[in-house]
Amino acid sequence: MIISQRKIFLCSICLDVFTDPVSTPCGHNFCKTCITQHWDVSTQCQCPVCKEVFKQRPELRVNTFISEMATEAEIQQMIQKRRVKIQEIKRSVELSREDAEREIADGVRVFTALMQSVERGQAELIDMIEEKQKTTEKQAEGFIEELQQEISELMRRSSEVEQLSHTEDHLHLLQSFPSLSAPPHTKNWTEVRVHHSSYEGSVSRAVAQLEETLSKEMKKLLEAELKRVQHFEVDVTLDPDTANPKLILSDDGKQVKHGDVRKNLPDNPERFSSCPCVLGKQSFSSGRFYYEVQVKGKTKWNLGVASGLIERKENIPLRPKNGFWTIWLRNKNEYEALADSDVCLSLKSPPQKVGVFVDYEEGLVSFYDVDAAALIYSFTDCGFTEKLLPYFSPCVNAGGENSAPLIICPVNHTVYQTDE
């Protein structure tokens, strides 16, 4: 009912609640500015609703009733907008709760698997060590049993010799002496040793198996994470007004490479004068966004995001304090995150395509190796306050060695095959 009533207080020209409502002689109402401007550009004074033509521009008088009611209608509209906003906030909370529940479920699953793996590894380690110890003990028991048997035999022989030494029967002595004087059949125990089981490396091997399990779980998590952030894909194009004069941009604004010739371009305030870089046209002051860049074939590059207020005429360090959140490649295989101090990045393989994800409110900038579904580096707690723009530098072409372009690619929403 409120909505239908509010329609009565909408200007038919601007389709919004009346501002300074006035009435025409035909009885229709408009915003004073709307109808005045309408007649200023029209060849004749005509009512936009009923099309009645006035021979001369009529005197417009404020419709006090409509004016008062339109205040009322504006209040109702404000109430309705706030109710809609409440629903938006509630929905945001629901989505946040769903995300939190999903993360908790993933966390419980992963840590449960890890704890089970730890317990299983511990049990297997203990069983292996105890089994080795049992083998050692069994071997030792066998040796002891043999030794005790030989001791018994030697003690028996000693007793017989002792008895024979006291006999007065010389014939018996002569007859028994050869058998008693012969050494008893015994083992040479000089080189016999109990095998002492070696446990060196047992714990480290068990931990290595645990690391392998953890690595597999991390891979699954990162694949799922990359799939989620890819849903925030935005269409990024390069801004030629910011490009260094030695850069060559493709017509579609998706590729950039370095050329040797400095083009004669206007030195507008947005353009980088000394650094071989370019910004994206699109800026972001809230929310989350993601894009991918092919870096295949390059020996040097810089990628990331930059504040709209960065210095563009002088070379300054690419640091967060200067408005840059970037990573780079140098010398073909040296990757670094340009934080407050350089962070060397150890990558299993050179990325061919880099994904860049930003969560403005969270203060997060993450870089991914797209093909490997691996996290390269994350800047956290960035505390953004200005608009952000995608930042690209193909670096100098180094006599053709680094002539391959940086290419902004469409996202391929790959379904990764995880190892079971």
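Everything below is about the structure printed above this text.
Residues numbered from 1 in each chain as written. Predicted model: local features only at pLDDT ≥ 70, side-chain atom pairs only at ≥ 80, totals over all residues. Heavy atoms only, no water.

Hey, could you go over the overall build of the chain for me, with residue numbers and the actual values?
Looking only at helices and strands, the chain has 5 helices and 18 strands in total. In terms of overall dimensions, the chain has a C-alpha envelope of 170 × 65 × 35 Å along the principal axes. Counting across all 420 residues of the chain, residues that qualify as buried make up 34%. For the chain, long-range pairs separated by at least 24 residues make up 64% of all intrachain contacts whose partners lie at least 6 apart in sequence. Only carbon and sulfur atoms are counted for the fraction: they give 53% of the accessible area of the chain, which is about 26300 Å². Of the charged side chains in the chain, 50 are positive and 63 negative, and the gap between their average positions amounts to 11 Å. (Helix = DSSP H or I, 4+ residues; strand = E, 2+ residues; numbered from the N terminus. Buried < 20%, exposed > 50% of the residue type's maximum accessible area, 1.4 Å probe, protein only. Contact = heavy atoms within 4.5 Å. Areas by Shrake-Rupley, 256 points an atom, 1.4 Å probe, with all protein chains shown as cover. Lys, Arg positive; Asp, Glu negative; His and termini not counted. Charge placed at Lys NZ, Arg CZ, Asp CG, Glu CD.)

Go over the pairing of strand β16 (residues 374-379), please, and point to the residues and values.
The pairing of strand β15 (residues 364-369) with β16 spans 5 bridges and is antiparallel. What sits directly across from Phe367, in β16, is Tyr377. (Pairing = 2+ DSSP bridges.)

Quick rundown of the sheet that holds strand β11 (residues 324-330)? Include the residues and the values.
Read across the open sheet, the 6 strands follow the order β8-β17-β10-β11-β12-β13; overall the sheet is antiparallel. The sheet is open, and its two borders are formed by β8 (278-279) and β13 (342-345), each paired with just one other strand. Across 4 bridges, β11 lies against strand β12 (residues 334-338) in antiparallel orientation. Bridge assignment links Leu329 to a residue of β12, and that residue is Tyr335.

Outline the side chain of His258, listing residues and values.
The topology assignment puts His258 in strand β7 (residues 255-258). For His258, a relative accessible area of 10% puts it in the buried group. For His258, the residues in contact, after removing those within four places along its chain, are Lys246, Leu247, Pro276, Pro394, Cys395, Val396 and Asn397.

Could you give an account of the packing of aromatic side chains, with specific residues and numbers?
Within this structure, the stated rule accounts for 12 aromatic pairs. Centre to centre, the rings of Phe367 and Phe379 are 6.2 Å apart; their planes meet at 70°, and the pair counts as edge-to-face. Residue Phe367 is found in strand β15, and its partner Phe379 is found in strand β16; the two are separated by 12 residues along the sequence. The exposure class assigned to Phe367 is buried, which follows from its relative accessible area of 0%. Under the relative-accessibility criterion, Phe379 is labelled buried at 5%. A network of ring pairs unites the aromatic residues Phe272, Phe324 and Tyr391 as a single cluster. In this structure, Arg330 packs its charged tip against the face of Trp328, placed 3.7 Å from the ring centre. (Phe/Tyr/Trp six-rings, centres within 6.5 Å; stacked < 30°, edge-to-face > 60°. Lys NZ or Arg CZ within 6 Å of the ring centre and 35° of its normal.)

Tell me about the sheet that holds strand β6 (residues 247-249), and name the residues and values.
Pairing is antiparallel across the open sheet formed by 7 strands, whose spatial order is β6-β7-β18-β9-β14-β15-β16. Unpaired on one side and paired on the other, β6 and β16 mark the two borders of the sheet. With direction set aside, neighbouring strand axes in the sheet form an average angle of 20°. (Axes fitted to C-alpha atoms, helices over the stretch in contact; angles between N-to-C directions.)

Before we move on, can you summarise helix α5 (residues 202-230) with the specific residues and values?
Between its first and last C-alpha, α5 extends 42 Å over 29 residues, near the 42 Å set by a 1.5 Å rise per residue. Within α5 the residues assigned to the buried category are Ser202, Glu217, Leu222, Glu223, Leu226, Val229 and Gln230. (Expected span 1.5 Å × (residues − 1).)

Can you lay out the pattern of salt bridges for me, pointing to particular residues and giving the numbers?
Under the defined criterion, the tally for this structure stands at 17 salt bridges. Between Glu98 and Arg91 there is a salt bridge; the shortest N-O distance is 4.0 Å. Residue class for Glu98 comes out partly exposed when judged on its relative accessible area of 41%. What emerges from the salt-bridge pattern is a single network uniting Asp99, Arg102, Glu103 and Arg228. (Salt bridge = Lys/Arg side-chain N within 4 Å of Asp/Glu carboxyl O.)

Now, about a nonpolar patch on the surface: what can you tell me, with residues and values included?
Taken together, the side chains of Leu147, Ile151 and Met155 make up a nonpolar region of the molecular surface, amounting to roughly 280 Å² of accessible area. Among the secondary structure elements, Met155 is positioned in helix α3 (residues 64-165). (Patch = residues over 30% accessible without salt bridge, like charges linked within 9 Å, V, L, I, M, F, W, Y side chains within 5 Å.)

Explain the pairing of β12 to me, and be specific about the residues and the numbers.
For a regular strand, side chains alternate in direction, first toward one face of the sheet and then toward the other. Buried residues dominate β12, accounting for 4 of its 5 residues. Counted along the chain from β11 to the antiparallel partner β12, the turn is 3 residues long, and its residue Asn331 has a positive phi close to 55°.

Describe the state of the cysteines, naming the residues involved and giving the relevant values.
Two cysteines joined by a covalent bond between their sulfur atoms form a disulfide. Going through the model one piece at a time under the given rule, you end up with 0 disulfides. Cys26 provides the cysteine sulfur closest to Cys50, a residue in no disulfide bond, and the two sulfurs are 3.7 Å apart. Cys275 provides the cysteine sulfur closest to Cys395, a residue in no disulfide bond, and the two sulfurs are 7.7 Å apart. (Disulfide = S-S within 2.5 Å.)

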